[in-house]
Amino acid sequence: ALTISKIPTYYPRHHLIPLAMALGSAFIFTFTFFANPWICFVLLVGVGYFWMLSVNSSNAAAQLLAGDENRGRIMSVILLCIQGFPPIGLLVASGLAYLMGPAWIMRGMVGLLFVIALGFLVRREPAIDAMEKRGTKLTFGQGLWEAITAQSHKPVPVRLQRELAAKSAALPEVPHNAGTD
């Protein structure tokens, strides 16, 4: 709650889900390289923090987006995913234990989570953001920076809105069927 209260009001809260998953997986990945218990403890605190941030944000987003008649069903599916997938991951990890060591199994699984979370972070759904799709294609770095900072959601100052409106009013109007004859 303290984290969410410190975030600017224009920042879309559903961006926190993949962002927290990516940062949490980065903390777990880093955890696999250390044997010092104090460093590992700090890293695991970070993992827990980002895990709670992603779970709470996804829970809130699901409740807000779900209709009244389907809210219970959707919440039960989310609970199934949150509590049901770890045992499946343990089965996969134990099966892979015959091929590689535990640290490499964790790195592989967390690396996959990191790639998936980055994919969701960069390729978010514009309809959820109530944005139109951009006409220009962003590079991966630009898309990642936009996904983290959500600068396109930042309110435009009134003075700048007036300037943009004046410039667009000065442009000649082009008919909608121009060039389609």
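None of these values were measured; they are calculated from a predicted model.

Cut-offs applied
- Residues numbered from 1 in each chain as written.
- Predicted model: local features only at pLDDT ≥ 70, side-chain atom pairs only at ≥ 80, totals over all residues.
- Heavy atoms only, no water.
- Helix = DSSP H or I, 4+ residues; strand = E, 2+ residues; numbered from the N terminus.
- Buried < 20%, exposed > 50% of the residue type's maximum accessible area, 1.4 Å probe, protein only.
- Phe/Tyr/Trp six-rings, centres within 6.5 Å; stacked < 30°, edge-to-face > 60°.
- Lys NZ or Arg CZ within 6 Å of the ring centre and 35° of its normal.
- Salt bridge = Lys/Arg side-chain N within 4 Å of Asp/Glu carboxyl O.
- Axes fitted to C-alpha atoms, helices over the stretch in contact; angles between N-to-C directions.
- Parallel < 35°, antiparallel > 145°, perpendicular 65-115°, else oblique.
- Left-handed = near helix turned anticlockwise from the far one by under 90°.
- Contact = heavy atoms within 4.5 Å.
- Nonpolar A, V, L, I, M, F, W, Y, C, P; charged D, E, K, R; others polar.
- Core = buried A, V, L, I, M, F, W, Y, C linked by side-chain atoms within 4.5 Å.
- pLDDT = per-residue confidence, 0-100.
- Expected span 1.5 Å × (residues − 1).

## Here's the deal with the environment of Tyr49
Here Tyr49 shows up in helix 3 (residues 37-65). Accessibility expressed as a relative area gives 38% for Tyr49, which makes it partly exposed. Sequence separation between Tyr49 and Leu23 is 26 residues, and the spatial gap between their C-alpha atoms is 9.8 Å.

## Section: the packing of aromatic side chains
One pass over the structure, following the stated rule, counts three aromatic pairs. When the centroid spacing of 5.1 Å and the interplanar angle of 70° are considered together, the rings of Tyr49 and Phe50 count as edge-to-face. The exposure class assigned to Phe50 is buried, which follows from its relative accessible area of 14%. Every member of this aromatic cluster is reached through a ring pair, and the members are Phe27, Tyr49 and Phe50. When the ring centre of Phe33 is taken as origin, the NZ or CZ atom of Arg107, which lies over that ring, is 3.9 Å away. One cation-aromatic arrangement involves Arg107 over Trp104; the distance from NZ or CZ to the ring centre is 4.6 Å.

## Thoughts on the pattern of salt bridges
This structure, assessed with the given rule, holds one salt bridge. Here Arg71 ties to Asp68 by a salt bridge, and the two come within 2.9 Å at their closest N and O atoms. Residue Asp68 is classed as exposed on the basis of its relative accessible area, which comes to 64%.

## Describing the packing of helix 2 (residues 16-31) against helix 3
Interhelical geometry of helix 2 versus helix 3 gives an angle of 160° and a closest axis separation of 8 Å. In terms of orientation, helix 2 and helix 3 fall into the roughly antiparallel class. The interaxial crossing formed by helix 2 with helix 3 has left-handed handedness. For the pair helix 2 and helix 3, the contacting residues are Leu16, Ile17, Ala20, Met21, Leu23, Gly24, Phe27, Ile28, Thr30 and Phe31 in the first and Cys40, Leu43, Leu44, Gly46, Val47, Phe50, Leu53, Ser54, Ser57, Ser58 and Ala61 in the second. For the contact of helix 2 with helix 3, the residue count by class is 15 nonpolar, six polar and no charged.

## Side note on the nonpolar core
In terms of nonpolar packing, the biggest core is built from nine residues, these being Ile7, Tyr11, Leu16, Leu19, Ala20, Phe50, Leu53, Leu118 and Leu121. Residue assignment for this core shows that the elements contributing at least two residues are helix 2, helix 3 and helix 5 (102-122). When residues of this core are assigned to their parent elements, the largest contribution, three residues, is made by helix 2. Discounting chain neighbours no more than four positions away, the residues touching Leu16 are Ile4, Ile7, Tyr11, Leu53 and Ser57.

## A look at the confidence of the model for the protein
The share of residues in the protein with pLDDT of 70 or more is 72%, and the mean pLDDT across the chain is 77. The lowest-confidence element of the protein is helix 6 (residues 126-129), averaging 54 in pLDDT; the highest-confidence one is helix 2, averaging 89.

## Notes on helix 5
The terminal C-alpha atoms of helix 5 lie 30 Å apart, and with 21 residues this matches the ideal 30 Å at 1.5 Å per residue to within 8%. Considered for burial, the residues of helix 5 that qualify are Ile105, Arg107, Val110, Ala117, Leu118, Leu121 and Val122.

## Brief notes about the environment of Met52
Its location among the elements puts Met52 in helix 3. Note: C-alpha distance between Met52 and Ala20 (32 residues apart in sequence) is 8.6 Å.

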